[in-house]
Amino acid sequence: MNRNQRFFIFLVLLLVSGLGYCFARRELTTTDSFAIANIFKKQNIAPVLVVGSGPAGLMAATYGSRGGKDTFLIEGNKPGGLLMDTTEVANWPGETMIQGPQIIEKLRAQAVHQKVTIISDQVERIDTASWPYAVHLENGDTIHALTIVIATGASPRKLGVSGEEQYWGGGVTSCAVCDAPFFKNEEVVVVGGGDSAVEEAIQLSPFAKKITILVRKGQMRAAQSMQDRLKEYPKISVLYNVEIKKIVGDLENVTGVELYNNRTQKSELFATSGVFLAVGHIPNSGFVKGAIATDEEGYIAVRDNRRATSTPGIFAAGDIADRIYRQAGTSAGSGIEAGLDAVQFLDDHGYSNQIAAQVQSTLYNPGASQSQAELLELKSMEELQQLISDHPDKRIVVDFWTETCSSCKQMLPSFRQAATEFADDMVFVSIDADEASDVADSYSIMKVPTLIVLKNGEIEDKHTGFLSSQQLSEYLQTVLPEA
Ligand code: NDP
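Residues numbered from 1 in each chain as written. Predicted model: local features only at pLDDT ≥ 70, side-chain atom pairs only at ≥ 80, totals over all residues. Heavy atoms only, no water.

## Section: the domain arrangement of the protein chain
Thinking step 1. When its domains are assigned, the protein chain resolves into domain 1 (32-155 + 281-362), domain 2 (172-277) and domain 3 (376-479).
Thinking step 2. Once you take the C-alpha centre of each, domain 2 and domain 3 turn out to be 30 Å apart.
Thinking step 3. Across the contact surface, domain 2 and domain 3 share one salt bridge.
Thinking step 4. Between Lys447 and Asp179 there is a salt bridge; the shortest N-O distance is 2.7 Å.
Thinking step 5. The element contributing the most residues to the side of domain 2 that touches domain 3 is helix H4 (residues 176-179), with three residues.
Thinking step 6. Among the residues forming the side of domain 2 that touches domain 3, the class breakdown is six nonpolar, two polar and two charged. (Domains from an automatic or database assignment. Salt bridge = Lys/Arg side-chain N within 4 Å of Asp/Glu carboxyl O. Helix = DSSP H or I, 4+ residues; strand = E, 2+ residues; numbered from the N terminus. Nonpolar A, V, L, I, M, F, W, Y, C, P; charged D, E, K, R; others polar.)

## Structural notes on the packing of aromatic side chains
Thinking step 1. Considering all chains together, one arrives at six aromatic pairs under this definition.
Thinking step 2. Consider the rings of Phe34 and Trp131, whose centres lie 5.4 Å apart with planes at 65°: the pair is edge-to-face. Of this pair, Phe34 sits in the loop between helix H1 (3-33) and strand S1 (45-51) while Trp131 sits in the loop between strand S6 (123-127) and strand S7 (133-137); the two residues are 97 residues apart in sequence, bridging distant segments of the chain.
Thinking step 3. According to the relative accessible area criterion, Phe34 is buried, its value standing at 7%.
Thinking step 4. Classification of Trp131 as buried rests on a relative accessible area of 5%.
Thinking step 5. Aromatic rings pair up to connect Phe34, Trp131, Phe315 and Phe345 into one cluster. (Phe/Tyr/Trp six-rings, centres within 6.5 Å; stacked < 30°, edge-to-face > 60°. Buried < 20%, exposed > 50% of the residue type's maximum accessible area, 1.4 Å probe, protein only.)

## Looking at the sheet that holds strand S15 (residues 254-261)
Thinking step 1. Read from one edge to the other, the open sheet built from three strands follows the order S14-S15-S16, with strand pairing classed as antiparallel. A single partner strand is all that each edge strand has here, and the edge strands are strand S14 (242-249) and strand S16 (266-271). Looking at each pair of strands side by side, their axes are set apart by 25° on average, direction ignored.
Thinking step 2. Two strands pair when backbone bridges link them, and S14 and S15 are joined in this way by seven bridges, in the antiparallel orientation. Directly across from Ile247, in S15, lies its bridge partner Val257. (Pairing = 2+ DSSP bridges. Axes fitted to C-alpha atoms, helices over the stretch in contact; angles between N-to-C directions.)

## Quick look at the site of the ligand
Thinking step 1. Near the ligand lie 18 residues; those nearest to it are Gly193, Asp195, Ser196, Arg216 and Arg221.
Thinking step 2. A distance of 3.4 Å separates an oxygen atom of the ligand from a polar atom in the side chain of His281.
Thinking step 3. Contact with the protein chains removes 82% of the 920 Å² of surface that the ligand exposes when unbound.
Thinking step 4. Considering every element that reaches the shell around the ligand, the biggest residue donor is helix H5 (residues 195-204), with three residues.
Thinking step 5. Residue classes in the shell around the ligand are distributed as four nonpolar, eight polar and six charged.
Thinking step 6. Structurally, the shell around the ligand is a two-domain feature, drawing no fewer than three residues from each of domain 1 (32-155 + 281-362) and domain 2 (172-277). (Near = heavy atom within 4 Å. Polar contact = N/O pair within 3.5 Å; in protein donor to acceptor, adjacent residues only side chain to side chain. Areas by Shrake-Rupley, 256 points an atom, 1.4 Å probe, with all protein chains shown as cover.)

## A look at the packing of helix H10 (residues 406-421) against helix H12 (residues 469-479)
Thinking step 1. At a closest axis distance of 9 Å, the pairing of H10 and H12 adopts a crossing angle of 45°. If you check the angle between H10 and H12, you find them oblique. Considering only the axes of H10 and H12, their crossing is right-handed. In this structure, H10 uses Ser414, Phe415, Gln417, Ala418 and Glu421 to contact H12, whose residues at the interface are Ser469, Leu472, Ser473, Leu476 and Gln477.
Thinking step 2. Broken down by class, the residue content of the contact of H10 with H12 amounts to four nonpolar, five polar and one charged. (Parallel < 35°, antiparallel > 145°, perpendicular 65-115°, else oblique. Left-handed = near helix turned anticlockwise from the far one by under 90°. Contact = heavy atoms within 4.5 Å.)

## Some points on a negative patch on the surface
Thinking step 1. Together, Glu374, Glu377, Asp434 and Glu435 give the surface a local cluster of negative charge.
Thinking step 2. Tracing the backbone through its elements, the reader meets Glu374 in the loop between helix H8 (353-359) and strand S20 (376-378). (Patch = residues over 30% accessible without salt bridge, like charges linked within 9 Å, V, L, I, M, F, W, Y side chains within 5 Å. Lys, Arg positive; Asp, Glu negative; His and termini not counted. Charge placed at Lys NZ, Arg CZ, Asp CG, Glu CD.)

## Focus: unusual backbone geometry
Thinking step 1. At the junction of Trp131 and Pro132, the peptide bond is cis and its omega measures out at 0° in the coordinates.
Thinking step 2. As for its placement among the helices and strands, Pro132 is situated in the loop between S6 and S7.
Thinking step 3. In the segment running from Val448 into Pro449, the intervening peptide bond is cis, with an omega of 0°.
Thinking step 4. Tracing the backbone through its elements, the reader meets Pro449 in the loop between helix H11 (437-442) and strand S23 (450-455).
Thinking step 5. Backbone geometry at Lys115 places phi at a positive 75°, although glycine is not the residue there.
Thinking step 6. Position of Lys115 relative to the elements: it lies in the loop between helix H3 (100-113) and strand S5 (117-119).
Thinking step 7. Phi at Asp304 takes a positive value of approximately 60°, unusual for a residue other than glycine.
Thinking step 8. Relative to the assigned elements, Asp304 resides in the loop between strand S18 (281-283) and strand S19 (314-316).
Thinking step 9. Note on Asp304: relative accessible area 58%, which makes it exposed.

## Re the pairing of strand S17 (residues 274-277)
Thinking step 1. Along S17, one buried face is formed by Gly274 and Phe276 and the opposite face, lined by Val275 and Leu277, is buried too.
Thinking step 2. One ladder, built from four bridges, connects strand S11 (residues 187-191) with S17; its direction is parallel. Residue pairing for S17: Val189 is matched across the bridge by Val275.

## Brief notes about the packing of helix H2 (residues 55-66) against H3
Thinking step 1. Their axes nearest at 9 Å, the elements H2 and H3 cross at an angle of 20°. Relative to H3, the element H2 lies roughly parallel. Every pair of crossing elements has a handedness; the one defined by H2 and H3 is left-handed. Where H2 approaches H3, its residues Pro55, Leu58, Met59 and Thr62 are matched on the opposing element by Ile104, Leu107, Arg108, Gln110 and Ala111.
Thinking step 2. Of the residues in the contact of H2 with H3, the class split is six nonpolar, two polar and one charged.

## Brief notes about the pairing of strand S13 (residues 236-239)
Thinking step 1. Judged from the four bridges that link them, strand S12 (residues 210-214) and S13 form a sheet pairing that is parallel. Bridge pairing links Ile213 to Val238 in S13.
Thinking step 2. The β-α-β motif built from S12, the intervening helix H6 (residues 224-229) and the parallel element S13 has right-handed crossover chirality. (Right-handed = clockwise from strand over helix to strand, strands pointing away.)

Structure representation (structure tokens):
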């Protein structure tokens, strides 16, 4: 071996030992950051914290709990997620046909049976500067989570055209299963070419007189089996190569849409009283900003052949991390993986049964923040008028809902919480808009959920659409007179 060769070997050895040292340092730093002793300095501990209550979240929580770790699930503003707005599902494993809300009911019951603690709240922000991670809730509580599974899914996309916001609740909606009964014998349009558009059109068919699906391309994206189902519904027709440029109305309700045909390049006014949007979804990942990496559209990328995100101990499952499959079944499957990954992370970092026993007294306890009042249910205008005259000094807040409206049911805990918070100034009542149609008609209710605030029997304020506990509280504060 000559001098040059010896020098070369020396250099290689130096490089290898240098790299080895760097890796060892990195390992040390990582291990230090996740030292199990850190958890003894904290209160409100959650070994596994799942955010989201669709199939991905519920399955992740079930597996976290089955893995022997105390598991908490924050169910968010719309418990159950998108499946709550779906009717028949023909591709859920093992079921020839099942209703979307039924799937959620069963998964939730399974999670509760496995001793998952379900919390009716919303995560505002996650702080990952140190571990355990600080998860800030809307109710003001901070939970210190050892692992987190993000399963917050996606929300319906809007068109972004003129008139959409103005007529939201006045004929524009993204929930056929909720609002179809308000369009009896009306002509309506459904916008979009995917499975959801087909599903919405079918949900409308028992009510509307005529349903036109507006597809912007020359073909639909929906599965062929879904498109074939349309043939069974003579009221439904499809228009291709058309785009909505504007939604028009009489200042209160929709009367038509301005349609542009991208083939003929001609525009026309298309008369309709309802615009049902089914134009895809956007991931609900705003609250993880700064805590984990997302792509430019807000999807979370998972890595290492696991449900791992860019931040150790935080995992993602369901639609928030899936732009390809987006099925209830695949969401549940990825939730299972995320639950297993969370359990594995805890085991790998020394969270043994003995440690779990030691932190029992510091586990998060949702306790008092979950207390809720019962609501008055009224069935007619006569009953409402009686209530108004019994409470001349108070505002009456009426929550209109229907049996088929899942977001109304999802809003019920917020409404009950508000009834407790504002009991001194307001009387809260809930009215089924289908059953008490005389009340719904006299206050021009066209969409649920809708809240009206009555002062001396007159409408002082009206709000259409879902509100979280915090949003409802803030909204009612604006109605109250200054002290
Ligand atoms: P998709 O993303 O599949 O489809 C969205 C549709 O909206 C596309 O046709 C798209 O058009 C169209 N679109 C998007 N933006 C606009 C716009 N600005 N103007 C007009 N049209 C627009 O979303 P879906 O909600 O339909 O489905 C999401 C997932 O859920 C899918 O995986 C689907 O299979 C699943 N699903 C399954 C159901 C079932 O099995 N029962 C029911 C409902 C959903 P383009 O094609 O030109 O991009």
